[in-house]
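One letter stands for each residue in the lines below.
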Amino acid sequence: MATPDFIRTLRASAGRQLLWLPGVTAIVFDDEGRVLLGRRTDTRKWSVVGGIPEPGEQPADCAVREVFEETAVRCLPERVVLVQALQPVMYDNGDVCQYMDITFRCRAVGGEARVNDDESLDVGWFEVDALPELNEFALHRIKQAMTEEPAWFAPATAG
């Protein structure tokens, strides 16, 4: 994932300490019920589409932008599927980030799925019963996006 310029600016003064950042994931379905996935250049694994909103950018707009930037598919967000604080992650360079992920169910409305930037090795539509190997993060979000249940939240802890 390319590091946005505003994070590079923050890192110049914050160093490698933990940054609490918004994150957006888009689970995109086409009219046939297939889900859009990309094979990432950094991990070489298939995953759902996502990214970091620019300062002031609405989360749903970020989902639309990220999907188009990475896959050339145009989509419309339909609903929030999930909101979750993720565990901190340390990158190879020592930077530490923790993300608040907002996942949207989206519907494809145009474009032809293809690699559209340098973050993906491959892009494709997959039947939900014939997905490539995916991590639990992606599988949980796809499962939630397929339901009509209210948005998923981690159970609240008593304080």
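Before reading further, recall that the structure is shown in the block above.
Described in the following lines is the structure provided in the data block. (Residues numbered from 1 in each chain as written. Predicted model: local features only at pLDDT ≥ 70, side-chain atom pairs only at ≥ 80, totals over all residues. Heavy atoms only, no water.)

## Considerations on the overall build of the protein
The helix and strand inventory of the protein stands at 3 helices and 9 strands. Sequence-ordered secondary structure for the protein, helices as α and strands as β, is α-β-β-β-β-α-β-β-β-β-α-β. Its C-alpha atoms give the protein a radius of gyration of 16 Å, within 12% of the compact-globule value 15 Å for 159 residues. Once the C-alpha set of the protein is aligned to its principal axes, its extents read approximately 45 × 40 × 30 Å. The 159 residues of the protein split such that 42% are buried. (Helix = DSSP H or I, 4+ residues; strand = E, 2+ residues; numbered from the N terminus. Rg over C-alpha atoms; globule rule 2.2 N^0.38 Å. Buried < 20%, exposed > 50% of the residue type's maximum accessible area, 1.4 Å probe, protein only.)

## What to know about the pattern of salt bridges
One pass over the structure, following the stated rule, counts 12 salt bridges. The shortest N-O distance in the salt bridge between Asp-5 and Arg-8 comes to 3.8 Å. Residue Asp-5 and its partner Arg-8 are both found in helix H1 (residues 5–14); the two are separated by 3 residues, about one turn of the helix. For Asp-5, a relative accessible area of 60% translates into the label exposed. Across the salt bridge formed by Arg-141 and Asp-101, the nearest N and O atoms sit 2.9 Å from each other. With a gap of 40 residues between them, Arg-141 in helix H3 (residues 136–146) and Asp-101 in strand S7 (residues 96–111) connect regions that are remote in the sequence. (Salt bridge = Lys/Arg side-chain N within 4 Å of Asp/Glu carboxyl O.)

## Observations regarding empty space enclosed by the protein
This structure, assessed with the given rule, holds 1 cavity of 30 Å³ or more. Estimates place the volume of the largest cavity at around 100 Å³. Along the walls of the largest cavity sit 11 residues, with Arg-40, Val-48, Glu-70, Glu-119 and Ser-120 positioned nearest its centre. For the lining of the largest cavity, the per-class residue count stands at 3 nonpolar, 4 polar and 4 charged. (1 Å grid on protein atoms, 1.4 Å probe; cavity = no way out; pocket = protein on both sides within 12 Å on 5 of 7 lines; lining within 4 Å. Points joined across faces, edges and corners; volume = space filled by probe spheres on them. Nonpolar A, V, L, I, M, F, W, Y, C, P; charged D, E, K, R; others polar.)

## Describing H1
Ile-7, Arg-11 and Ala-14 are the residues of H1 that are buried. Angular distribution of buried residues about the axis of H1 spans 75°; they occupy a single face of the element. Set apart from the buried face of H1 by more than 90 degrees, the exposed residues are Asp-5, Arg-8, Thr-9, Ala-12 and Ser-13. Its buried side turned inward, H1 meets strand S1 (19–29) and S7. Just downstream of H1, Gly-15 is the residue with a positive phi angle, here 65°. (Arc of directions from axis to C-beta. Contact = heavy atoms within 4.5 Å.)

## Regarding unusual backbone geometry
We note that Arg-44 has phi near 65°; this positive angle belongs to a residue other than glycine. One can find Arg-44 in the loop between strand S2 (35–40) and strand S3 (46–47). The exposed category is assigned to Arg-44, whose relative accessible area is 55%. Residues other than glycine seldom take positive phi values, yet Ala-72 does so here, at roughly 65°. You can see Ala-72 is positioned in the loop between helix H2 (59–71) and strand S5 (73–85). On the accessibility criterion, Ala-72 (7% relative accessible area) is buried.

## Here we look at the packing of aromatic side chains
For the structure on display, the rule yields 1 aromatic pair. Positioned over the ring face of Phe-68 is Arg-74, at 3.7 Å from the centre of the ring. (Phe/Tyr/Trp six-rings, centres within 6.5 Å; stacked < 30°, edge-to-face > 60°. Lys NZ or Arg CZ within 6 Å of the ring centre and 35° of its normal.)

## Things to note about the nonpolar core
Counting residues in each nonpolar core, the largest one holds 14 residues, and the members touching the most others are Ala-26, Val-28, Leu-36, Val-67 and Cys-106. Mapped onto this core, the elements with two or more residues apiece are S1, H2, S5 and S7. Dropping the residues within four chain positions of it, Leu-36 is found in contact with Val-28, Val-67, Thr-71, Val-73, Ala-113, Val-123, Gly-124 and Trp-125. If you look at the next biggest cluster of nonpolar residues, it comprises 13 residues, including Val-35, Leu-37, Val-48 and Ile-142. (Core = buried A, V, L, I, M, F, W, Y, C linked by side-chain atoms within 4.5 Å.)

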